[in-house]
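Topology and contacts: notes
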Amino acid sequence: GEHGTNIVTLRGDGGVPNVDVLAHALRPLAGRHPKLVIFDLAELTFISSMLMSELVGFHRGLAQHGGTMKALAPQESVRRALQYARLDLVFDIDA
């Protein structure tokens, strides 16, 4: 919905070539200032540091307008990468 919950599903390889695609897709979503964005990471097999910094920037933009985001169901390797980068302190990561 316009100001409700938005779910973004990330699949496959979150490596550098795919980050631009994601950034382009997130821009209009961020512009609507949603209250909550959920990133479904269940099918994401790899997350690059560039993708992580994109998520952090997206989170910052949401927070400026009172919004928040959470990551859902990351695979173990992706969860470890997020925790190693301390992103679990930036936004919620739910099992």
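As a reminder, the structure under discussion sits directly above these lines.
**Brief notes about the overall build of the protein**
In terms of regular secondary structure, the protein is built from 3 helices and 4 strands. Helices and strands in the protein line up, N terminus first, as β-α-β-α-β-α-β. In terms of overall size, the protein behaves like a compact globule, its C-alpha atoms giving a radius of gyration of 12 Å where 95 residues would be expected to give roughly 12 Å. Its C-alpha atoms give the protein principal-axis dimensions of roughly 30 × 25 × 20 Å. The buried share of the protein, taken over its 95 residues, is 37%. In the protein, the share of contacts with a sequence separation of at least 24, taken over all contacts with a separation of at least 6, comes to 74%.

**Observations regarding unusual backbone geometry**
With a phi close to 55°, A73 is a non-glycine residue in the positive phi region. Structurally, A73 is set in the loop between β3 (68-72) and α3 (76-84). Classification of A73 by relative accessible area gives partly exposed; the value is 26%. Of note in the backbone geometry, R86 takes a positive phi value of approximately 60° without being a glycine. Relative to the helices and strands, R86 is located in the loop between α3 and β4 (92-94). Accessibility expressed as a relative area gives 57% for R86, which makes it exposed.

**Side note on α3**
Along α3, the residues classified as buried are V78, R79 and L82. Projected down its long axis, α3 carries its buried residues within an arc of 100°, all on one side. In the core, the buried residues of α3 are packed alongside β2 (36-47), α2 (49-64) and β4. Of the residues one or two after α3, R86 is the one with positive phi, at around 60°.

**Describing the pairing of β3**
With burial as the criterion, only one face of β3 is covered, namely that bearing M69 and A71; the residues T68, K70 and L72 on the opposite face remain uncovered. As paired elements, β2 and β3 share 5 bridges and run parallel to each other. Bridging across to β3, L36 finds its partner in T68. The β-α-β motif built from β2, the intervening α2 and the parallel element β3 has right-handed crossover chirality. Two elements, β3 and β4, share 3 bridges in a ladder whose sense is parallel. Bridging from a neighbouring strand, K70 pairs with D92 of β4.

What counts and what doesn't
- In this numbering scheme, every chain counts its residues from 1 along its sequence in written order.
- Given that the model is predicted, a residue must reach a pLDDT of at least 70 before its local features are reported, and side-chain atom pairs must reach 80 or more before they are shown or counted; all residues, however, enter totals for whole chains, interfaces and linings.
- Here the side-chain values reflect all heavy atoms present in the structure, with hydrogen atoms and water set aside.
- Only DSSP runs of H or I covering at least 4 residues are called helices, and only runs of E covering at least 2 are called strands; the numbering of each starts at the N terminus.
- Atoms counted for the radius of gyration: C-alpha only. Globule rule: 2.2 Å times residue count to the power 0.38.
- Burial classes follow relative accessibility: with a 1.4 Å probe on protein chains only, a residue under 20% of its type's maximum area counts as buried, one over 50% as exposed, and anything between as partly exposed.
- Contact between two residues is taken to exist if any of their heavy atoms lie within 4.5 Å; hydrogens are not considered.
- In this description, the arc belongs to the directions extending from the helix axis to the C-beta atoms.
- Whether two strands pair depends on DSSP finding at least two bridges between them.
- Handedness rule for crossovers: strands pointing away from the viewer, path from the first strand over the helix to the second running clockwise, crossover right-handed.

In short, geometric facts, not functional conclusions.
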